[in-house]
Amino acid sequence: MRCFGLLFFLFSLAPARGDEVFRKDILPVLQEYCFDCHDEDTQKGDLSLHRTGPDFSNKTDLANWELVLEQLEIVQMPPSKKKQPSAVERARVIEWIQEGLIKAGKGFAVQARLLLPEYGNRISHELLFDGSIDEVPFTPARLWRMSPHVYRGKRYQSNVSGGIEAEPVSYVSKSSGIRDYADQEIMDESGFLALRMAFSDIIASQMHDRELPGLSYGPNKDKPIRIAGKESFKAISESDEVPDDNVMGELIREEFERACGRAMTEEEFARYLAFMKFNVKEGGNEAGLKVTLLGIYLSSEAVYRLELGRGEPDEHGRSMLSPQEIAFALAYALTDSPPARNRFIKEALDGNKLQSKADVERVLRLMIADGSPPIRKNLPASMFHAMIQSAERGYGYYPRVVRFFEEFFQYPKAAGTFKDSPGAPVGSRALVGAPQGHIVRIVNEDRHVFEELLTSPRFNMNKTEMIGMLERRHAEKLKSTPKEQHPQLEEKHLKMLKRAEKDLNDDTFRSGMLHDQSWLIAHSTNDQNDPVHRGIWVRERLLAGNVPALPIGVDANVPEAHDKTLRQRFEVTQKAECWRCHKTFEPLGMPFESFTDRGWVRTGMFYNTKKKIFQTELKNDQMEAGLKKGELVKYPWDTTGEITGTGEPEIDGPVKDASDLVHRLAKSTRVRQSIIRHAFRFWMGRNETLSDSQTLIAADKAYVASDGKFSEVLVSLLSSDSFLYRK
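Procedures and definitions
- Within any chain, residue numbers begin from 1 and follow the written order of that chain's sequence.
- Restriction of local features to residues with pLDDT of at least 70 applies here, the model being predicted, together with a cutoff of 80 or more for giving and counting side-chain atom pairs; totals for whole chains, interfaces and linings are based on all residues.
- Water and hydrogen atoms were dropped before computing side-chain values, which therefore reflect all heavy atoms in the structure.
- In this scheme, strands are said to pair when DSSP sees at least two bridges between them.
- Think of it this way: any DSSP run of H or I at least four residues long counts as a helix, any run of E at least two long counts as a strand, and we number them from the N terminus.
- Helix axes use the C-alpha atoms of the stretch in contact, all axes being lines fitted to C-alpha atoms, and the angles between their N-to-C directions lie in the range 0 to 180 degrees.
- Stacked, tilted and edge-to-face are the three classes applied to pairs of Phe, Tyr and Trp rings, where Trp contributes its six-membered ring and a pair requires centres within 6.5 Å; stacked means planes under 30 degrees apart, edge-to-face means over 60, and tilted covers the rest.
- Exposure categories follow from relative accessible area, calculated using a 1.4 Å probe and restricted to protein chains: below 20% of the type maximum is buried, above 50% is exposed, and the middle band is partly exposed.
- Whether a charge lies above a ring is judged from NZ of Lys or CZ of Arg, which has to be within 6 Å of the ring centre and within 35 degrees of the ring normal.
- Should an angle fall under 35 degrees it is taken as roughly parallel, and over 145 as roughly antiparallel, whereas 65 to 115 is taken as roughly perpendicular and any remaining angle as oblique.
- Should the near helix be turned anticlockwise from the far one by less than a right angle, the crossing is termed left-handed; should it be turned clockwise, right-handed.
- The contact criterion used is simple: two residues touch if any of their non-hydrogen atoms lie within 4.5 Å.
- Here the term charged refers only to Asp, Glu, Lys and Arg, the term nonpolar to Ala, Val, Leu, Ile, Met, Phe, Trp, Tyr, Cys and Pro, and the term polar to all other amino acids, Gly among them.
- For this analysis, a salt bridge means a side-chain nitrogen from Lys or Arg found within 4 Å of a carboxyl oxygen belonging to Asp or Glu.
- You can read pLDDT as the predictor saying how much it trusts each residue, on a scale of 0 to 100.
- As used here, the term nonpolar core means buried Ala, Val, Leu, Ile, Met, Phe, Trp, Tyr and Cys residues forming a set that is joined through side-chain atoms within 4.5 Å.

## A closer look at the sheet that holds strand 8 (residues 632–634)
Spatial ordering of the open sheet is given by 7-6-8, a layout of 3 strands whose pairing is antiparallel. Each end of this open sheet is capped by a strand with a single partner; those strands are strand 7 (613–615) and strand 8. Sheet twist, expressed as the mean angle between neighbouring strand axes with direction ignored, is 35°. Both strand 6 (residues 606–608) and strand 8 contribute to a ladder of 3 bridges, which runs antiparallel. Directly across from Tyr607, in strand 8, lies its bridge partner Val633.

Spelled out as structure tokens, the structure:
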């Protein structure tokens, strides 16, 4: 449905996209903002719009309009120093071109790409937040494939205790950001066959007790490992007689609830019982059991989240999710387990109190107040990293909240980044736990969350702070330990204090998550800093911006030169043909030269003339000896950069280093709203559209009015029309 105001104006052109509309509404915009550079005489970029008309059947015009669409969507044209069209004018031309491409047979490409996470920022940020859109929000009715994490939460393998639960599917989307998109995670034929094979193995592994060869080391060397089968499966598969209806019935009810997350109806029970009886009769107990379980596990309700909107349509043609659908939506919004395992959702559903937005908000606030216990506390780490990993129970530990910040910042990628540069070894896996602890604490404290994530000094491994944490933990431990054990605790505590005095420094430079070693390593190469991908991350994640695609045929490799600094080597990007793209991200990535490629605060840069490498991690005596012998040459390092594109004069402009960069960004309205846009995508499982404007504005207002509570953003998003209504 198209409604009032701006959207009515934009889309009212649809019935008559002909020459008259082009001359009246499109051509004046092109003449005002484009013809100076793309007329018949100038033709910058070999593009002339002077003779390009509204005939999309003309191949030349079609190709030109595709180029124009790309540049308008990513806000690269007109150039930033030229006069800019308003958001409405830009949207008007974009919509006109898109409809022309659809009529020319390119509709699938135009519409499909806007569903991809990497195209989310192409929707006008200004129109989303300026309040001019008054269309009511909704999400299209959909089937949303269960994520690998939800499969883990179903607990198909009863013999796994504290280990890795079954994940018979994997993501098919890119691993570079938010992943669980309903339109991208689909079940095609090959995916279905792979899922069936995985379930066949899971079922077969629990039909009988198993014995595996023993380990080749340790106290239990060569001792066989025995794994018990599932008793309810064995009662049928190992029986010499046809199982009675009670045995089959109990198993069917139990496994249906496991797979579908709800109790089955009597009609469903009768159908599945008859199905199992037939299978057992035709194939025997074991084969009949397996086929029946596959039928349950592969049913549509077990594979997909059904979000059809089964309520009565409202005056806008939207239907609210049914109470059952809401229960699943809320459960999988914060956890990976079905609604029956959350007492607040279960009580509300059983009490018929999931009927309205007020009901949903009440349940959400109960869940947030209750929180979730700590997770992932035992990642390999040094003593001090291990201390930081553990935070208190709170809503920041809900699996989906943890995963949002993992996918947003991408810091877990540090675990897979191998470092080949000179320097001390980096325990990449250990780096992942510490920032998770910091993030959870910030979320649980729930005050100025975004600002704290970007600027908090707690991301320093600061001696004074760590000693304070040691003292507090020691005092708490003494309270809960018998007095006769206090001497041992005191002795252990003194050892830890001495170690802290020896190993830690009073670092103060780091500010927030982008200065954390995990983020820096995750966004680096195996032997150097990566200003390109760091800058792209800032542009796309924090500034809701777009980066032009790498042109075909362009060699994007920076020349190797071991006697030049990274900044010197990147001077090649200053060429006009390169800078047009690099200017959007490189000035945002270069300030991170404040750190070495291993994520340490940079204190010096020396070129070793003998080894022909740069060295940044030298002890004072090594540095002095090398300089004295002439083997080391000291180089300055340039950490300056620039913020552009916020539209906020107090934010845009030069920055002196990585600290200046993040403190400036943390004050930006656009940065705050960009994080909220990414939260929307994560929890809605799709890109935002202009019709979601009211939802985004409400979430932004909730954050500001609550002094920066992320919990209020969640409540606002998860009780919004975008979350609850389908069409």
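## As for the packing of aromatic side chains
Evaluation of the coordinates by the stated rule reveals 32 aromatic pairs. A centroid spacing of 5.1 Å and a plane angle of 80° characterise the contact between Phe408 and Phe409, whose relative ring orientation is edge-to-face. There is no split in this pair, since Phe408 and Phe409 are both buried. Residue class for Phe409 comes out buried when judged on its relative accessible area of 2%. Through a chain of ring-to-ring contacts, three or more aromatic side chains come together here, namely Phe404, Phe405, Phe408, Phe409, Phe450, Trp519, Trp537, Phe592, Phe682, Trp683, Tyr703 and Phe710. Over the ring of Tyr151 we find Lys154, and its NZ or CZ is 6.0 Å from the ring centre.

## Things to note about the packing of helix 16 (residues 357–370) against helix 32 (residues 710–718)
Two numbers describe how helix 16 lies on helix 32: the axes approach to 9 Å, and their chain directions differ by 150°. One finds that helix 16 runs roughly antiparallel with respect to helix 32. Here helix 16 and helix 32 pass one another in a crossing that is right-handed. Taking contact as the criterion, the partners of Val360, Glu361, Leu364, Arg365 and Ile368 in helix 16 are, on helix 32, Ser711, Glu712, Val715 and Leu718. Here the residues of the contact of helix 16 with helix 32 are counted per class, giving 5 nonpolar, 1 polar and 3 charged.

## Structural notes on unusual backbone geometry
Even without being glycine, Gln410 reaches a positive phi, approximately 65°. Inspection of the secondary structure puts Gln410 in the loop between helix 18 (399–409) and helix 19 (428–445). Take Gln410: its relative accessible area is 8%, and that puts it in the buried class. A positive phi angle is found at Asp707, which is not glycine, with a value near 60°. You can see Asp707 is positioned in the loop between helix 31 (693–705) and helix 32. Among the residues examined, Asp707 registers a relative accessible area of 38% and is labelled partly exposed.

## Quick word on the pattern of salt bridges
On inspection of all chains with the given rule, the structure shows 41 salt bridges. With its nearest N and O atoms 3.0 Å apart, the salt bridge here joins Lys346 to Asp350. Of this pair, Lys346 and Asp350 are both found in helix 15 (residues 343–350), 4 residues apart, which corresponds to roughly one turn of the helix. The class of Lys346 is partly exposed, set by a relative accessible area of 38%. Residues Glu501 and Lys463 are paired through a salt bridge, measuring 3.5 Å at the closest nitrogen-oxygen approach. Remark: Lys463 occurs in helix 21 (residues 463–479) and Glu501 occurs in helix 22 (residues 486–503); sequence separation between them is 38 residues. Ionic contacts of the salt-bridge type, sharing partners, join the residues Arg142, Arg305, Glu307 and Arg726 into one network.

## Topic: the confidence of the model for the protein chain
For the protein chain, the mean per-residue pLDDT works out to 87, and 93% of the residues sit at or above 70. Scored below 50 in pLDDT, residues 1–17 makes 36 contacts in the model with residues more than four places away or belonging to other chains.

## A word on the nonpolar core
Grouped together as the largest cluster of nonpolar side chains are 83 residues, with contacts concentrated most on Phe409, Leu514, Leu542, Trp683 and Phe710. No other element matches the 8 residues that helix 30 (residues 669–684) contributes to this core. In terms of nonpolar packing, the next biggest core, distinct from the first, is built from 36 residues, Met146, Ile202, Leu273 and Val280 among them.

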